[in-house]
Structure formats: C-alpha cells, structure tokens
Amino acid sequence: MQYSKLQLLLLISFAGLIFASCSPARNIPEDQYLLNRNRIEADDVDLNTHELRSHLQQTPNRRLLGLYRFRLGIYQLADRGEENRFKNWIKNNIGEPPVIYDPALANHSERQLELFLQNKGYFNAQVDHEVRTRGKRANITYAIKGNIPYTIRHIDYQIRDERLASFVHADTTNSLLSRGDRYDADLLHQERQRMTRHLKNAGFFNFSRDFIFFQVDSTLTNKQVDIEMIIENPRKRFDRHPDSLRVVPHKRYKINNVYIYPEYQRLDPNISYADTTTYVNNSNPERTYTFLHNDPLAIRPSTIANNIFFSPGDLFNQQLLEQTHNYLAGLRNFRYINLRFREAVNPNGSEQDSLGFLDASVELTRSPSNAFTIEAEGLNTAGNLGIASNFLYQNRNLFGGAEILNMRLKGALEVSGESVDKEIFRRLPFNTVELGAEVSVDFPKLLFPIGFESLSRTARPKTTMLSGFNYRQRPDYTRYVLNFSYGVRWGQDARRQHQFIPFEISSIKIFNDSILQSNIPEDNPLILSRYRDHLIGGMKYNYTYSTQQIDRETDFVYFRANLESAGNLMYLAAEWMDLSRNEEDNYTLRDIPFAQFVKADADFRYYRVLDENNTLAFRVMGGIGVPYGNTDVMPFIKSYYGGGANSIRAWSIYNLGPGGYEASDLLRFDKYGDIKLEANIEYRFPVYRYWHGALFMDAGNVWFLQENEQFPRGEFRLDRFYREIAIGLGAGVRLDFNFFLVRLDAAFPLHNPAMPSGERWSEGLPSFNEWNFNLGIGYPF
C-alpha cells in the first residue's frame, strides 16, 4: 500500500506524540516518583471496585483508551525549552501535570478505605498498602481483607407517637432493611429518606428526616448488629410560657381550600384580584377549586383543574404535589409554576394536636400565547448536505383548553441523488429543492371514540392531529407527498411510553426522470415499483421503554418497538365494492394504487457508564416489512436502508446492500430492502473541554424478502446471511455543548459483502479514499 508524503508526515508526527506520551517519567525530579498505577486487591469483600477506587486520594494521570497518557505527554512536550504564552496555554488547557506519588496521601487513602468498609459492615476490615518503584514510576497496591461482615439480627422501632407508629409498621414490607442483610450505613440513610417521603405522602406535611435517628448495637457476638429506628415527636412552645416547650404528636394535614392564581405576578405577589370563579367537577363535587383573577380566564378552568391531583378534603400527599407540578408544566402554557401550602384555621373552629388544615395556592404565570420563529439551518438529511430555512408559528391556547397549534413552512436546498452538474439553480451548488408545509394540533387530553377514564387521569394522554404537504425535486425524480394522521400517546409510568395512531394516510405522487430509469438495472420492476404513485393508509403502534435517569450517571437501557399495518381496510372495501383493477392487477383509488403491508421492527440499546467521562454504547436492531394483497413490494418510504450518519457509517446513505449483491460502479440507485439487521458498539470519551472522541464498529445489512433475478444474492437466506454482514470500523470527533452536539465520523469497510468472495475482508491500513465521512447532529444512537 502506497502513502503520500502528507500521510507519512502525519504518521510520523502521530508516532512521535505517542512516544512522548508513553515516556511520562522523563522530567521527574530525582527524589520523586510518578504515580503509575493504583491496584486494589480485595479479599472477602462483596463491593464494587469502582466504589473502592473513588476513596483513593491520588489517582494516576489519565490514559487515552487505557493505553497511553496523551495529556501528560502534551504537558511534558510543552514544558520543554523556554516558557511562552502559547506553551503555558497548552499546559494549562490541554496538558495535564504529572501526578507525583505522595506517601501522606497514600496513608490517607488507606484510612478512607477503612472508614468506607466499616460503613459497609466490614467492621474488622484490614487495609494495607505497598509501594513498588521501578525507574521513576511508583505502583501502589492496596491490600484489603474484609473478614466476615456484620449482618442485621433485629430491627426495632421506638416511636412515641402511636398513630405515627401505625403508619410506620404498616410499611415495613417496603423497608430497605431486612434481617440477615449485611449492615450498610448508606442504606440507613436511604431508609431514612424513604420513610420521610412515605409519611409525607400519608398527610404528615411538617414531617422531616430530622425526626428520624438510628441506634446501632454492634457489641453482639456472631458478627451481628441490632438496629433501632427512633422517631421523635415535635416540640411546641406554650402560648402562656414562650420559654417552655412541650412534646406534641405529629399532625396529619388535610387540604382546606385550593386557590388558583392564573395571572400570578412574581414581581407583585400581593396584588388583589377582583373576580372569583369557582369550578366544581361534575363527576366529583368535592373537587372544588377557586380561581382568583382580574381578566377573563384565557384557559378553561376545567383544563387546569384536571391537571391538579389534590382537592379540598384530601390528605396532604407529597407525591401528588409533584405530579401536579409535572402535569401543569406538561401543558406548555406556563413559564412559572409554584405550589404553596400554608396552615389554615380549622373550619370546625377548634384546634387539634393531631389534625391540621392547609390552604393550597397554585401560582401560575402564563407564557405568551403566540410565538414566531425564523430558523436558518445546515442540513444533514441522511447524509445529504444542504441549507434550509423554516418559518414556525405556534399558538399555545388555540381553543381555550391549552391546545397547541404548530405551523411550519420549510424551504431547503440539498446536494443529493446525481452529481451536482444537474443543478436546479445554475449558480448554486445544489441539485435538490424541497418545499413543505405542516400543521398540527396537540390536545392535552384523550380524544378517542372509546372512553378511558382511568387512563385520562394517570397517564398524561395527548392527542395529535397532523396534516402536511411536501414537494421534493431531485435530478432523478420529483415527488409530492400529502399526509394526514391522528394519534394518541400516553405514559404508562416514568419508564414506559405508548403511541397509537389509528388513522394515517399518505398520498405519494412521483414523476420519474430518465436518469432514474437508466440507473435501475434493466428497468427492474421491483425497484421501479418503489418509485411509482401509491397511497398508504393504515395504523401504527409504538412502545418505548427507558431506564435513563437524567440527573444520574448510571447504566441504562433503551428499547423501542414499532408495529405498522396498512391497506387492510381499503382492500376489504375494494373487495366488497368489487372495484376494478389496473393493468398490474392492483386496486386503485382515484387511479392511485394503495399499498398493503405489515411492518415490525425493534431497537435495543445498552449504555454502560464506565465512569463520569467514559461510556460504552451498544445497539442491536432488526426489522421486517412484508407486502401482500394489493402490492408486491414495500413503498420506498417504508423500506429499510443501510449506511449514513446514523447507521453503518463506513457506507454512504442508501449505498449498502441488498445482501451480497455485487453492484456495478456504472449503476447508481438508492438501495433498499425489506429486512434489516444492524448492530453497533461505540466507545465515547472526552478529549478537551467540549471536544469528545469516539471509536466505533458498525455491522449489518438490508435484504429483499423474495428472490430477484436481477439482484443475485440480494434476498435473505438463513444459510448465508451471516456472510453478508457488512462491517465498518471508524473514529469520530464530537463538539458537545450539552444542549447541542455536532459530530464528524470517519469509517472504512472492514468486511464488504458486495465484493467477490475472498476479497471481502480489508487488508492493511485503508487509503484515504476508502474512508467515508459523515457529518451528524446528535449521537447516532
């Protein structure tokens, strides 16, 4: 393999940088050692090594990809010779100073490990450390012997308030503490938090974790402890003797009145309101809410009240308070939401030590009803670059019930399809124009012929109606798309989401160009049929499951499944009405044949968080579309494709497959399939500030469901599909601004199923022309 002078220069420079970073101890003073490695040898300890390492007071310089200390090497390269501003900037911003072994910090790490182990039940744990030096490097080994951990023998409760005790004892089945478990001080803290939340959900508004204490008796034999949970009572000052305190029981609180301020002003919170509107729920008259306002109510009282989950007469419940806040925010009509509770006078006139009353205030400040936005953007539409402009209009309260109207007008110019000598605009380097309009209305409730009362109060349902038009002109064809859909979505819980679209219809009209005809092998009818006018009418269902926690850096999984069916009702109607067929034996509506198919796919992802900076992401997906009845092939907009910025990145978009088909370089057409299998693995790591890097491997392909003579080896076969898996390797650079991520990925084919047998595996380093570059927005998965 031959290399240009530029490539050789880059290789030599990169090798020199690696050599410099692999020799980190070159500038260490004579009496000091570079901390090279921390090693933990744990015996009889059932704890995560990452937890143990987090208590070490000194950690070595970071290694890039676990191999060499890139940032330390940069620091030492910049530290040579005379100092200047540029070298100082390199050292302080990109480089990392050497971590010098400190005996005092090693001793402190030993003590911290002992304390951590004792908190985890290893009261007799022994921790020692040994330092071994080699050259100018120091390797520390921390030897941990946990011995037998202490376990919980008994759990007792000391609660002076008998009524409170009944709530605590009734909830012991949900306790995080169990007899026989290893003692864990962190678990005591979590149980304290859990019990506090449980009691606040039971009406104890003023209860706090400060009332809960634990006493642990570890003087028992057989390495066991007894735990006693102590819950103290509050103290209250005597009215006649302010200097004296008396012990009182914990109060449970009921909601007395609920006041809603839809015109609340944070800068003038004491403003007076002239009008009062009382809303009473017809199905539950006890759900009464008082609206205080000056102007006519912009949003119907029922819309706001249906998203408040507490009412007069209810016991205070912290969970319902949080749910109310989330649901009101979900209306997307308020820029400020605050729920305030203050103690109220007993409506019965007599004060009680065990029961109190609260007045609730729901303070809402509305967002502007109308919003206009003009956007200019760079496009990367499935690998095709271009520019676009959007005009967006939004009305957040269309019918007075927090319905949200979205209108979008779009114009775009792209480079796609054939070469740019077919420009649509002669003086601009684009060959594709796209114009579109879309109108949608989101209703904050369930609009469905069948009533789901239980769903409407707990699942936060939304109904969306959408209609749009799209015009796209490429050198090889021109396409018009009209579409309308009606669907509902709801959350089963915080992790599971559902979407059901019972009605969706799209009309696609295509004008083929001679370029497209010439690019399809021998006018292949299987491919041509994907570029003909067709009508799609059907339904779809989507299920999403995610364990991601936004505020925590922890492992999580993501799963999405889709099921779609089209054409069945139209086919039954055509059969029943005995409609005529066209020359290709297809039923038509207004001379447009309708598609009939069923399609299903699933996408599973697992994110392994190695530490706060490094992540491994895994993805596996598969899908199949089966045409039947009125059509022999899948519509091209419903078919699967491979390659591109979010798929197998060693191939450009629409340029992979089908199967082991060996395409001629003279033929160019978008490649699709009825079946798709794909797997990805990506290692993500930081480089410098908002610069991040990635190494990845992608594998997969698309196949036809049925054999096609003009696409030999393009169909899916169980006995050979694994030999037709395309594999790509690559690396990427990302600019991560938290709210926005831009990435550039470069990959080359490691295994190319389109090559002749025996030539499919790449040998040696790929040349520059073998790399495929992808510009993307956001992570690929």
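Up top is the structure.
What counts, and at which threshold
Residues numbered from 1 in each chain as written. Predicted model: local features only at pLDDT ≥ 70, side-chain atom pairs only at ≥ 80, totals over all residues. Heavy atoms only, no water. Helix = DSSP H or I, 4+ residues; strand = E, 2+ residues; numbered from the N terminus. Buried < 20%, exposed > 50% of the residue type's maximum accessible area, 1.4 Å probe, protein only. Contact = heavy atoms within 4.5 Å. Pairing = 2+ DSSP bridges. Axes fitted to C-alpha atoms, helices over the stretch in contact; angles between N-to-C directions.

Visitor: What am I meant to see in the overall build of the protein here?
Guide: Secondary structure summary: the protein contains 13 helices and 31 strands in total. Residues counted as buried form 43% of the 781 residues belonging to the protein. Of all intrachain contacts in the protein linking residues separated by at least 6 positions in sequence, the fraction that spans at least 24 positions is 64%.

Visitor: I would appreciate a short explanation of the sheet that holds strand S5 (residues 212–217) in the present structure.
Guide: To summarise the sheet geometry, strands pair through backbone hydrogen bonds and adopt either a parallel or an antiparallel arrangement. With mixed pairing, three strands are arranged side by side in an open sheet as S4-S6-S5. Two strands close off the open sheet at either side, each with one partner strand: strand S4 (151–159) and S5. Strand-to-strand twist across the sheet, computed as the mean angle between neighbouring axes with direction ignored, equals 20°. Two elements, S4 and strand S6 (residues 224–231), share eight bridges in a ladder whose sense is parallel. Opposite His-154, over in S6, you have Asp-226 as the bridge partner. Relative to S4, helix H6 (residues 162–170) is tilted by about 155°, and along the sheet it contacts S4 and S6. Strands in contact with helix H7 (residues 185–201) are S5 and S6; relative to S5, the strand with the most contacts, it is inclined by about 145°.

Visitor: Please explain the sheet that holds strand S2 (residues 126–134) as it appears in this structure.
Guide: Strand order in the open sheet made by the three strands is S1-S3-S2, with mixed pairing throughout. The strands lining the two open edges of the sheet, one partner per strand, are strand S1 (34–43) and S2. For this sheet, the mean inter-axis angle between neighbouring strands, taken without regard to orientation, is 15°. Pairing of S2 with strand S3 (residues 137–145) involves nine bridges; the strand directions are antiparallel. Following the sheet pairing, Arg-132 is matched in S3 by Asn-139. Contacts between helix H5 (residues 103–119) and the sheet are confined to S2 and S3, with S2 contributing the most and set at about 150° to the helix.

Visitor: Sorry, what's going on with the environment of Ser-762 here?
Guide: Mapped onto the secondary structure, Ser-762 falls in the loop between strand S30 (741–751) and strand S31 (772–777). Distance in space between the C-alpha atoms of Ser-762 and Asn-752 is 8.0 Å, their sequence separation being 10 residues. If we skip the residues at most four places from it in the chain, Ser-762 touches Phe-748, Pro-749 and Leu-750.

Visitor: What is the right way to look at the side chain of Thr-615 in this model?
Guide: With respect to the helices and strands, the residue Thr-615 is situated in strand S26 (residues 615–627). Once you skip the residues sitting within four places of it in the chain, Thr-615 turns out to touch Arg-608, Val-609, Leu-610, Glu-682, Tyr-683 and Arg-684.

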